[in-house]
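# Close look at the chain arrangement
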Amino acid sequence: MKIKEGFLLRTVAGSNIVVPIGAGSIDFSGVITLNEVGAFLWKLLEEPTNKEAMLEKLTAEYDVDTETASKDIDAFLAKLREANLLDD
Amino acid sequence: MKKLKVADINVLIKYGYPTLIKQAEAYLSDFDKENIRISIPDEELVRLQAENPHLSIDDVEYIFTGAAFYESIINFNGFLLHSSGVCVNGWAYLFSADSGTGKSTHTGLWQKYLGEDAAKIINDDKPAIRIVDGKNYVYGTPWSGKTDQNLNIRMPLGAIVFLERSKENFIQPISAQDAIPKLFQQTLRPRDPAQMNKLLDVLDKVLSETPLYRLGCDMSKEAVDLSFNTIRRDK
């Protein structure tokens, strides 16, 4: 799975924000703000990946147990799917 | 073609209808080389008017030359904020909201209660913000929405306030994270990735250095006292 084409993740004034560009701006006109972990997961999803690989990288980067990290990833992916931002 | 200096940018521009002639008068200038060229061919004006039948050709020229200017200003470390801008004691304060919320009403109340000599409207609807020599400035432009209230001056940006109507007057500082989605509702959003990156570079600096607020207000003097005393930078 992978984030759809047409989105740009940037830090602006200390906040992680995602804005649609090019084709992305046709379907989506909002701005997404992400916390630190959200931005970390978004970056992983800019390249094709799967949940296992994401879990490994998240637990390596942050001091978090596997169960919590797994729940966090599921919740994040669910939000992305809900907003139709993910290519499965 | 005529020559205007708008926001310290040399604009070579074609126009001929009454609204822009009047609005642009204070910006007429002279220069050898333009920074921006705006020329909407007559047949394009006609086509745009057919697409927007509620507008006159005069409106079309005024609106679409403004859109062209504000698309270009991103190349000069600037952006548009749909807002009413008021200047007091050497600072400009921008009140931003959807049309019809009451941003002009609020800045009009600043003029009423602080005095028209003390509080001047720099642009009632579409001020430009630009970073020049590392400082954040608000500029008046000929494009000020439905009113002719604009001044050919620049002032340091004092605060950006997102305004909403409320029966209770309140004002609170907000984070850049909370301000960014509101700001994106009130500016032109480039679709081109390079232009979007430039806009975000400008916003990164401006939003880091500018006090940001959310204001709920009615039309009372109390609302003006609250907003002015909270956001003023001239103390």
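Residues numbered from 1 in each chain as written. Chains lettered and ligands numbered in written order. Predicted model: local features only at pLDDT ≥ 70, side-chain atom pairs only at ≥ 80, totals over all residues. Heavy atoms only, no water.

### Observations concerning the overall build of chain A
Secondary structure summary: chain A contains four helices and five strands in total. Reading the secondary structure of chain A in the N-to-C direction produces β-β-β-α-β-α-α-α-β. A globule of 88 residues ought to have a C-alpha radius of gyration of about 12 Å, and chain A, at 13 Å, matches this closely. When the 88 residues of chain A are sorted by exposure, 43% land in the buried category. (Helix = DSSP H or I, 4+ residues; strand = E, 2+ residues; numbered from the N terminus. Rg over C-alpha atoms; globule rule 2.2 N^0.38 Å. Buried < 20%, exposed > 50% of the residue type's maximum accessible area, 1.4 Å probe, protein only.)

### Overview of the interface of chain B and chain A
Listed per partner, the contact involves 16 residues of chain B and 19 residues of chain A. Here chain B packs against chain A, burying approximately 1500 Å² in sum over the two surfaces, 60% of which is carbon and sulfur. Contact with chain A buries surface across chain B, with Gln 177, Arg 191 and Leu 200 of chain B losing the most and accounting together for 37% of the total. Summed over the shared surface of chain B and chain A, the result is one salt bridge. Ionic pairing is found between Asp 201 of chain B and Arg 10 of chain A, a salt bridge with its closest N-O pair at 2.8 Å. On the surface where chain B and chain A come into contact, there are seven residue pairs in polar contact (both at pLDDT 80 or more). (Contact = heavy atoms within 4.5 Å. Buried area = accessible area lost by both parts, 1.4 Å probe. Salt bridge = Lys/Arg side-chain N within 4 Å of Asp/Glu carboxyl O. Polar contact = N/O pair within 3.5 Å; in protein donor to acceptor, adjacent residues only side chain to side chain.)

### Considerations on the packing of aromatic side chains
Per the stated rule, a full pass over the model turns up nine aromatic pairs over all chains. Ring plane angle 90° and centroid distance 5.5 Å describe the contact between Phe 40 of chain A and Tyr 62 of chain A, whose orientation is recorded as edge-to-face. Residue Phe 40 of chain A is found in helix H2 (residues 36–44), and its partner Tyr 62 of chain A is found in the loop between helix H3 (51–61) and helix H4 (66–82); the two are separated by 22 residues along the sequence. For Phe 40 of chain A, a relative accessible area of 17% corresponds to the buried category. Residue classification places Tyr 62 of chain A among the partly exposed positions, given a relative accessible area of 21%. Within the aromatic cluster, the residues linked to one another by ring pairs are Tyr 93, Phe 95, Trp 110 and Phe 228 of chain B. (Phe/Tyr/Trp six-rings, centres within 6.5 Å; stacked < 30°, edge-to-face > 60°.)

### Things to note about the domain arrangement of chain B
Residue and element names in this part refer to chain B. Each domain of chain B was delimited in the assignment, giving domain 1 (2–76) and domain 2 (78–231). Spacing between the C-alpha centres of domain 1 and domain 2 amounts to 23 Å. Domain 1 puts 23 residues into the contact, and the matching count from domain 2 is 26 residues. Area buried by domain 1 at its contact with domain 2 is led by Tyr 27, Tyr 70 and Ile 74, which between them contribute 37% of it. (Domains from an automatic or database assignment.)

### Concerning helix H3 (residues 57–72) of chain B
Taking 1.5 Å per residue as the helical rise, H3 of chain B with its 16 residues ought to reach 22 Å, and the 22 Å between its terminal C-alpha atoms agrees with that figure. Within the sequence span of H3 of chain B, burial applies to Asp 58, Val 60, Glu 61, Tyr 62, Thr 65, Gly 66, Phe 69, Tyr 70 and Ser 72 of chain B. (Expected span 1.5 Å × (residues − 1).)

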